[in-house]
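Structural overview
Spelled out from the first residue to the last, the chains are:
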Amino acid sequence: MSDRRPVVTRFAPSPTGFLHIGGARTALFNWLYARHTGGTFLVRIEDTDRERSTPEAVQAIFDGLEWLGLTSDRETVFQASRAPAHVAAVEALLAKGRAYRCYMTVEELNAERETSRAEGRAIRSLWRDREAGAGENRPYTVRFKGPLTGETVIADLIKGDVTLQNKELDDLVLLRSDGSPTYNLAVVVDDHDMGVTHIIRGDDHLNNAARQALIYEALDWERPAFAHLPLIHGPDGAKLSKRHGAQAVGEFADMGYLPEAMRNYLARLGWGHGDDEIFSDAQAIEWFEVSDVGASPARLDWAKLNHVNQHYIRLADDARLAALVETIHHDRQVPPSDAGLARMRAAVPLVKEGAQTLLQLADLTLFVMKARPLDLDDKTRGLLTDETKARLVRLRSAVSASEDWTVAALEPVIRAFAETEGVGIGKFGPALRGVLSGGSPAPDLASALVALGRDEALARIADAVGTDA
RNA sequence: GGUCCCUUCGUCUAUCGGUUAGGACACCAGAUUUUCAUUCUGGGAAGAGGGGUUCGACUCCCCUAGGGACUACCA
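Scanning chain A from terminus to terminus reveals 19 helices and 12 strands. For 469 residues, the compact-globule formula gives about 23 Å, and the C-alpha radius of gyration of chain A, at 31 Å, lies well above that figure. Along the first, second and third principal axes, the C-alpha set of chain A runs to 105 × 40 × 40 Å. A buried classification covers 49% of the 469 residues belonging to chain A. Here the analysis covers contacts within chain A between residues at least 6 apart in sequence; of these, 77% occur between residues at least 24 apart. Total accessible area on chain A stands at roughly 21,800 Å², and carbon and sulfur atoms take up 50% of it.

The next point concerns the packing of helix α11 (residues 318-331) against helix α13 (residues 358-369). Following both chains from N to C, one finds α11 and α13 inclined at 80 degrees, their axes separated by 9 Å at the closest point. One element, α11, and the other, α13, form an angle in the roughly perpendicular class. Contacts between α11 and α13 involve Leu321, Leu324, Val325, Ile328 and His329 on the former and, on the latter, Leu358, Leu359, Leu361, Ala362, Thr365, Leu366 and Met369. Here the contact of α11 with α13 is composed, by residue class, of 10 nonpolar, two polar and no charged.

Another point: the environment of aspartate 292. Positionally, aspartate 292 belongs in the loop between α9 (281-287) and β12 (298-299). Each C-alpha atom of the pair aspartate 292 and arginine 74 lies 27 Å from the other, and the pair is 218 residues apart in sequence. Each residue touching aspartate 292, except ones within four places of it in the same chain, is listed here: Gly270, Trp271 and Trp287.

Relative orientation of the contacting elements helix α12 (residues 338-351) and α13 amounts to 135 degrees, with a least axis distance of 8 Å. Judged by the angle between their axes, α12 and α13 are oblique. Viewed along their axes, α12 and α13 form a crossing whose handedness is right-handed. On the side of α12, the interface is formed by Gly340, Leu341, Arg343, Met344, Ala347, Val348 and Val351, while α13 contributes Leu361, Leu364, Thr365, Val368 and Met369. Here the residues of the contact of α12 with α13 are counted per class, giving nine nonpolar, two polar and one charged.

Applying the stated rule across the entire model yields 30 salt bridges. For the salt bridge of arginine 320 with glutamate 260, the shortest nitrogen-to-oxygen distance reads 2.8 Å. Of this pair, arginine 320 sits in helix α11 while glutamate 260 sits in helix α8 (residues 259-268), and the two are 60 residues apart along the sequence. Counted as one network, the salt bridges with shared partners bring together Arg10, Arg44, Glu46, Arg82, Asp190, Asp191 and Asp193.

Right, let's get into the protein's contact with RNA strand B. Taken together, 52 residues surround RNA strand B, and among them Asp49, Arg176, Gly270, Glu353 and Arg433 come closest. Each atom of RNA strand B within 4 Å of the protein was assigned to sugar, phosphate or base; sugar and phosphate come to 62%. A distance of 3.2 Å separates a phosphate oxygen of RNA strand B from a polar atom in the backbone of tyrosine 183. When residues in the surface near RNA strand B are grouped by element, the largest group, four residues, is from helix α10 (residues 302-315). Taken together, the residues of the surface near RNA strand B break down into 17 nonpolar, 14 polar and 21 charged.

Attention now moves to the pairing of strand β1 (residues 8-11). Every second residue of β1 is oriented toward a common face, with Val8 and Arg10 on one face and Thr9 and Phe11 on the other, all of them buried. As paired elements, β1 and strand β2 (residues 40-45) share four bridges and run parallel to each other. Counted as the bridge partner of valine 8 is threonine 40 from β2. Tracing the backbone out of β1, into helix α1 (residues 21-37) and back to the parallel element β2 gives a crossover that is right-handed.

Bringing the packing of aromatic side chains into the picture now. A full pass over the atoms with the stated rule returns 11 aromatic pairs. Their ring planes at 35 degrees and their centres at 5.2 Å tell us that phenylalanine 29 and phenylalanine 288 sit as a pair that is tilted. Remark: phenylalanine 288 occurs in the loop between α9 and β12 and phenylalanine 29 occurs in helix α1; sequence separation between them is 259 residues. In this structure, phenylalanine 29 and phenylalanine 288 share a single accessibility class: buried.

In this structure, arginine 211 sits in helix α6 (residues 206-219). Arginine 211 sits in the buried class, given a relative accessible area of 19%. Excluding anything up to four places from it in sequence, arginine 211 contacts Leu169, Asp170 and Leu172.

This part covers the side chain of threonine 197. Inspection of the secondary structure puts threonine 197 in the loop between α5 (183-193) and β9 (198-202). Side-chain polar atoms of threonine 197 contact the backbone nitrogen of valine 8, separated by 2.8 Å. Excluding residues that lie within four positions of it along the chain, threonine 197 makes contacts with Arg5, Pro6, Val7, Val8, Pro224 and Ala225.

Here we take up the environment of aspartate 49. Here aspartate 49 lies in the loop between β2 and α2 (55-68). Accessibility expressed as a relative area gives 26% for aspartate 49, which makes it partly exposed. With 255 residues separating them along the chain, aspartate 49 and lysine 304 place their C-alpha atoms 37 Å apart.

Next up on the list: α6. Residues three or four positions apart in an α-helix share a direction because the helix packs 3.6 residues into each turn. Helix length check: α6, at 14 residues, gives a terminal C-alpha distance of 20 Å against a target of 20 Å (1.5 Å per residue), a fit within 8%. Of all 14 residues that make up α6, 12 are buried, and the element is covered over most of its length. Listed in full, the buried residues belonging to α6 are Leu206, Asn208, Ala209, Ala210, Arg211, Gln212, Ala213, Leu214, Ile215, Tyr216, Ala218 and Leu219. Immediately downstream of α6, the backbone of aspartate 220 shows phi near 65 degrees, a positive value.

A word on the confidence of the model for chain A. This prediction gives chain A a mean pLDDT of 91; 97% of its residues lie at or above 70. For this predicted complex, the interface confidence comes out at an ipTM of 0.93, alongside a pTM of 0.93.

Each value, and the rule that gives it
- Residues numbered from 1 in each chain as written.
- Chains lettered and ligands numbered in written order.
- Predicted model: local features only at pLDDT ≥ 70, side-chain atom pairs only at ≥ 80, totals over all residues.
- Heavy atoms only, no water.
- Helix = DSSP H or I, 4+ residues; strand = E, 2+ residues; numbered from the N terminus.
- Rg over C-alpha atoms; globule rule 2.2 N^0.38 Å.
- Buried < 20%, exposed > 50% of the residue type's maximum accessible area, 1.4 Å probe, protein only.
- Contact = heavy atoms within 4.5 Å.
- Areas by Shrake-Rupley, 256 points an atom, 1.4 Å probe, with all protein chains shown as cover.
- Axes fitted to C-alpha atoms, helices over the stretch in contact; angles between N-to-C directions.
- Parallel < 35°, antiparallel > 145°, perpendicular 65-115°, else oblique.
- Nonpolar A, V, L, I, M, F, W, Y, C, P; charged D, E, K, R; others polar.
- Left-handed = near helix turned anticlockwise from the far one by under 90°.
- Salt bridge = Lys/Arg side-chain N within 4 Å of Asp/Glu carboxyl O.
- Near = heavy atom within 4 Å.
- Polar contact = N/O pair within 3.5 Å; in protein donor to acceptor, adjacent residues only side chain to side chain.
- Pairing = 2+ DSSP bridges.
- Right-handed = clockwise from strand over helix to strand, strands pointing away.
- Phe/Tyr/Trp six-rings, centres within 6.5 Å; stacked < 30°, edge-to-face > 60°.
- Expected span 1.5 Å × (residues − 1).
- pLDDT = per-residue confidence, 0-100.

Okay, here's the thing in C-alpha cells:
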C-alpha cells in the first residue's frame, strides 16, 4: 500500500435490496475519509450476480445515498459491465500459472467439501496440478492457484495485523463455468483499475481480504490498505433485522429523521473524537481517521438517534421543515387549506423545539391545520362549564386588546388575566388549550395563540364559548 | 467442525501502564411549569472470568466464556 498516491475510497454495495443502515455507515466512513484526505469517493455497484441484482435495488441505493448526501465523485461503475477486464485478468493469471481450469462436477465438489470439512482443511481441486487432457471439453471453472504454505497478513487499519495461514484458504473460483467472473476476482480487478487506495468495508469481508491480497500479489499489483468496519447490531445485540424497527435508510427518512442527524449519529457509532457528540460535517471531515474507528460492533440506539435528530430539527431552517412537514400532513391525508398551511409554516418555529422527529413535528402542528368549527374532544368539552366559558369570554377580550400578537406580548396578558380573575392559570389554561387545539397536542398558551394568528385564535374561542366576536 | 474478529456504565464511547475510570443518551430524584415537552440541579450506573508480565494494569501476553463473520460456480 502506498501513502503517496492520492486517496481513493469506494462504497461497493451489491444491489440485492435496499440501502442498509450498516451500508450507509460504511459509505459515510468512506466519504469522510476521502474528504478528510482531499481524496476521491467512488461508488461501484457489484452486480455480478445477475440473478439477485435488480434495477429497483440499484435505484434504492442511489436514492439512499443521495438522501444522505453521499454521492460518488465520479460516474458510478457497474461491475457487470467490466467483465472483459475481469476475464483478461484471469487469462493473465492462467498464463502465469497462477490459475487453472477445474473440471470437477458438482457431485465431486460436494464430496470434497464434506471430506475437507471433516479433515479440517480447505477444499482442494484435483485439477490443481493436473493438465487437462486434449479431449477434455467438459465445462470448467477457472480457479486461483493459491499458495499451500506460508501465511498472509492483512495490516488492517482497524483490526490490526490479521494473519491467515495460506493452507486454510481454498482455491477460489475466478470464472464460473459460464465464463462469468466471480466477486472476489471482480473486486480486485475493479479496485485496482479504479485506483482505490483504501478499502473500507464491512467486517464480513475480513476473511476475503486475505484471498484478495493473494490475487493482488499474483497479478503483481500494489495492494490497497484495508479497513474492516464492525457491523451494526440491533438494540439487543443481535444482527440488525426487520424486527428492530428499520434497516433501510429510506425507512429512517420516512420516520422523520434528518439526513444530517443520521450522518452525525452514524459517524458517532463506532467512531468518536474525544467527548464530542454533536458535530458538523466539516468537523467530522476534519477529525475523521479510519484508524480511530472502534473494533467492536455497535448497537443501534433509538433514544440517542432521537436526541441527535431533535438537535438538528432545532437547528434546521424553518421553511425546509415546513415543506417536509407539509408532505407528512399530505401523506396522512390531513385536509389541506391555504390558510391552514400558512398557519402551519408560522407554527413550525414555535413548536419545533419539542419534536424529536418530523413525524412528531407534524403532530405538533396538526392543531393549526384544523378547520373551524373544531371538533372538541371529550376532555375539553368536560372542562367547558358555564363558569369556565364565561371566563374564556373575558380572557378573549383581554387578549384581543393586546396590540402585539406575539408570545412576548401575550404571555404577560395571560398572567395578568389570571391575577385579575384571582385564579391560577390552571383554572382556565387546559380549557383554553382544548378550545384552541381541539384536543391535539399544542404548545404553551401564548405560543398556541400566536401560532394560530389573531383572527383564527379569537374565532376558535368564540366558536367554543358560543359568543360572536 | 475449522479459521478469523470482537468484549469499559443499560447504550454509544474517552482512556493510548500510574485518573476519585471522563462525557453523551437513557434512567431515577428534585426545581420550574397551564398539558406534553423544554429548561435547570442532583444521583445511581462499567473494565466478562482466570492466569501471567510489571514497582504498578482497563490498557501488554495467554487461557476460558460469551458474541459475530467466513468456510458457495452469493456478494
